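Chain and residue survey
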Amino acid sequence: MFQFVLRRAGDALLTAFLVFTFVFFAMRLLPGDPVVAMLGDRASAEAIENARQSLGLNEPLVVQYALFVRDLFQFDLGRSLINGISVSETMGRALPYTIMLTVASTVIQILVGIPLGIASAIRAGRAVDHSSRLIALFGSALPDFYVGVIFLVVFGLTLGWFPLIGGGDSPLDLYYLALPALALGLLKGFGLIRLTRAAVLDVMNHDYVRTARAYGMSRRNVIWRHIVRNALLPITAHLSLSIVATLGGTIALEMVFNRPGVGQLLVGAVTARDYTLIQGGLVILSVLVVAVNFLTDLLYVVIDPRVRAN
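Rules used throughout
- Residues numbered from 1 in each chain as written.
- Predicted model: local features only at pLDDT ≥ 70, side-chain atom pairs only at ≥ 80, totals over all residues.
- Heavy atoms only, no water.
- Helix = DSSP H or I, 4+ residues; strand = E, 2+ residues; numbered from the N terminus.
- Expected span 1.5 Å × (residues − 1).
- Bend = angle between axes of the 7 residues up to and from the residue.
- Polar contact = N/O pair within 3.5 Å; in protein donor to acceptor, adjacent residues only side chain to side chain.
- Patch = residues over 30% accessible without salt bridge, like charges linked within 9 Å, V, L, I, M, F, W, Y side chains within 5 Å.
- Areas by Shrake-Rupley, 256 points an atom, 1.4 Å probe, with all protein chains shown as cover.
- Salt bridge = Lys/Arg side-chain N within 4 Å of Asp/Glu carboxyl O.
- Lys, Arg positive; Asp, Glu negative; His and termini not counted.
- Charge placed at Lys NZ, Arg CZ, Asp CG, Glu CD.
- Buried < 20%, exposed > 50% of the residue type's maximum accessible area, 1.4 Å probe, protein only.
- Contact = heavy atoms within 4.5 Å.
- Axes fitted to C-alpha atoms, helices over the stretch in contact; angles between N-to-C directions.
- Parallel < 35°, antiparallel > 145°, perpendicular 65-115°, else oblique.
- Left-handed = near helix turned anticlockwise from the far one by under 90°.
- Nonpolar A, V, L, I, M, F, W, Y, C, P; charged D, E, K, R; others polar.
- Phe/Tyr/Trp six-rings, centres within 6.5 Å; stacked < 30°, edge-to-face > 60°.
- Core = buried A, V, L, I, M, F, W, Y, C linked by side-chain atoms within 4.5 Å.
- 1 Å grid on protein atoms, 1.4 Å probe; cavity = no way out; pocket = protein on both sides within 12 Å on 5 of 7 lines; lining within 4 Å.
- Points joined across faces, edges and corners; volume = space filled by probe spheres on them.

On to helix H8 (residues 174-204). The first and last C-alpha atoms of H8 sit only 39 Å apart over 31 residues, clearly below the 45 Å expected at 1.5 Å per residue. The largest bend along H8 reaches roughly 30° and is located at Ala-181. Where H8 begins, the side chain of Asp-173 points an oxygen toward the backbone nitrogen of Tyr-175, at a separation of 3.1 Å.

Dropping the structure here:
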C-alpha cells in the first residue's frame, strides 16, 4: 500500500510540474504585451521598458522560467499587473468560495445520481426506470448557466427564498450557497444517474451475482454487497472527472450569482489582460485537478484492493 501511494504521489508531482511548465510557456505565447495592457497604449517607451525590467519580463525565457519555478517552491505567484496585490493573497480569498461550491454541488450530485441510478437499474423497464431516464436525459441537455438563471429568477426574484447575488459573509454561508450548488449539483447528478444505471446493470449480469442468488442470499445483500460495491469503480471514475469539470463549471455560475470565486476572478483577469493573475489562477486550478486525481487513485484501492497491483 505504501509503495502504491508513493508511486501515485510521484506521478501526481510530475503531472503538476508538467502542467506548471505548460502554463508558463502558454502565457508567454499569448498575443499582446502585458505591460502595454497594464500601462495603456499611450505609455512612453521608457515607462514600458522600466515596467518590463521591474517585472523581469526583459530577462531571457529560460531565466524567467527558473524564477517562476523558484517562486512556486516559495508559494509566491507574483503580483497582479493591474493593482499590484499579491496573487497568492487574492487567490486565497477567492478559492474557498469555489471549493465550497464544488464540494456542495458534488454532494448533491451523489445524493441525486447514485440512489436514482441504482433504483433505475434494479427496476429496469418499470415506471421508476423510465422516469429516471427521462429526467436524466432532459437534465443533461440543459446548460448550467441557464439553470442558474432560472433558479435565480424563480427562487430568488419571484419567491424571494434566497438572495439574488453575492457570496455572503463567508464561503460557508449556506443561504448564498444553496442556489448555485443546487443548479450545478442537479445537472451533474442527472448525468450520474445514467452512468450508475449502466454500471449496475453491467454488474448484475456477472456470474458471481447469479451464484449469490442461487445460494439463497437475500436480495438486499446481493444488491449492496455484490452489485453496488463492484459498480463503484466506474462511478468513482466518473465522479473524479465530474469534479474536475465542476471546477470549470463554477465559472459560469459564479458570474450568474456574482460569487467572489476563482471563476469570476479569472474572467476579470482575462478582461484586464492581467496575465500574472491568470497564470496564478491556472496554477491553482491545476493543483486542485491533480489533487482530485490523486485522491481518486487512493479511493480505488479502498474500493478494490486489486487496483494497487496495477
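Here we come to a positive patch on the surface. Taken together, the side chains of Arg-123, Arg-126, Arg-213 and Arg-219 make up a positively charged region of the molecular surface. Residue position: Arg-219 is located in helix H10 (residues 219-257).

It is worth spelling out the side chain of Asp-173 at this point. Following the sequence through the fold, Asp-173 ends up in the loop between helix H7 (144-158) and H8. An unpaired buried charge is present at Asp-173: no salt bridge exists, and Arg-259, the closest side chain of opposite charge, is 7.9 Å distant. Not counting residues up to four positions away in its chain, the partners in contact with Asp-173 are Gly-167 and Gly-168.

The next thing to look at is the environment of Ile-227. As for its position among the elements, Ile-227 is in helix H10. Residue Ile-227 is classed as buried on the basis of its relative accessible area of 1%. Discounting chain neighbours no more than four positions away, the residues touching Ile-227 are Val-200, Val-203, Met-204, Val-209, Arg-213 and Val-222.

The next thing to look at is the packing of H7 against H8. Running from amino to carboxyl end, H7 crosses H8 at an angle of 135°, the nearest separation of the two axes being 9 Å. In terms of orientation, H7 lies oblique with respect to H8. Along this stretch, H7 crosses H8, giving a crossing that reads as right-handed. Contacts between H7 and H8 involve Asp-144, Val-147, Gly-148, Phe-151, Leu-152, Phe-155 and Gly-156 from the first element and Leu-179, Leu-182, Ala-183, Leu-184, Leu-186 and Leu-187 from the second. Of the residues that constitute the contact of H7 with H8, the class distribution is 10 nonpolar, two polar and one charged.

Scanning the entire structure with this criterion turns up eight aromatic pairs. Judged by centre distance (5.9 Å) and plane angle (35°), the ring pair of Phe-155 and Trp-161 falls under tilted. Joined through ring pairs, the aromatic side chains of Phe-24, Phe-25, Tyr-65 and Phe-68 make up one cluster.

Residues Phe-20, Phe-68, Leu-72, Leu-77, Val-262 and Val-283 are the most contacted members of the largest nonpolar core, which totals 29 residues. Mapped by element, the contributors of at least two residues to this core are helix H1 (2-29), helix H4 (61-73), helix H5 (87-122), helix H11 (262-272) and helix H12 (275-303). In terms of residue count, H12 provides more of this core than any other element does, eight residues in total. Residues contacting Leu-72, with those up to four places away along its chain left out, are Phe-20, Leu-77 and Val-283. Residues Leu-101, Val-147, Phe-190 and Phe-257 belong to the second largest nonpolar core, which totals 19 residues.

This part covers a nonpolar patch on the surface. A contiguous nonpolar patch, built from Phe-145, Tyr-146, Val-149, Ile-150, Val-153, Val-154, Leu-157, Leu-159, Trp-161, Leu-164 and Ile-165 and spanning about 1,000 Å² of accessible area, is present on the exposed surface. Here Val-149 lies in helix H7.

Checked against the element boundaries, Leu-186 lands in helix H8. Note on Leu-186: relative accessible area 24%, which makes it partly exposed. Considering only alpha carbons, one finds Leu-186 and Ile-110, 76 residues apart in sequence, at a separation of 9.4 Å. Apart from the residues within four sequence positions on either side, Leu-186 is in contact with Ile-108, Val-112, Phe-151 and Ala-181.

Moving on, we come to the pattern of salt bridges. All chains considered together, the criterion is met by two salt bridges. Across the pair Arg-70 and Asp-71 runs a salt bridge whose closest N-O atoms are separated by 3.1 Å. Taking the relative accessible area as the measure of exposure, Arg-70 reaches 45% and is therefore partly exposed. Taking the relative accessible area as the measure of exposure, Asp-71 reaches 18% and is therefore buried. Between Glu-89 and Arg-93 there is a salt bridge, and its shortest N-O distance comes to 3.2 Å. On the criterion of helical spacing, the pair formed by Glu-89 and Arg-93 is a turn pair, its members being four residues apart in helix H5. With relative accessibility at 48%, the residue Glu-89 sits in the partly exposed group. Under the relative-accessibility criterion, Arg-93 is labelled partly exposed at 46%.

Before going further, it helps to examine empty space enclosed by the protein. In the structure shown here, the tally under the stated rule is one cavity of 30 Å³ or more. One number sums up the size of the largest cavity: a volume of about 30 Å³. Around the largest cavity, the lining residues are Pro-163, Leu-164, Ile-165, Gly-166, Tyr-176, Pro-180, Phe-257 and Arg-259. Broken down by class, the residue content of the lining of the largest cavity amounts to six nonpolar, one polar and one charged.

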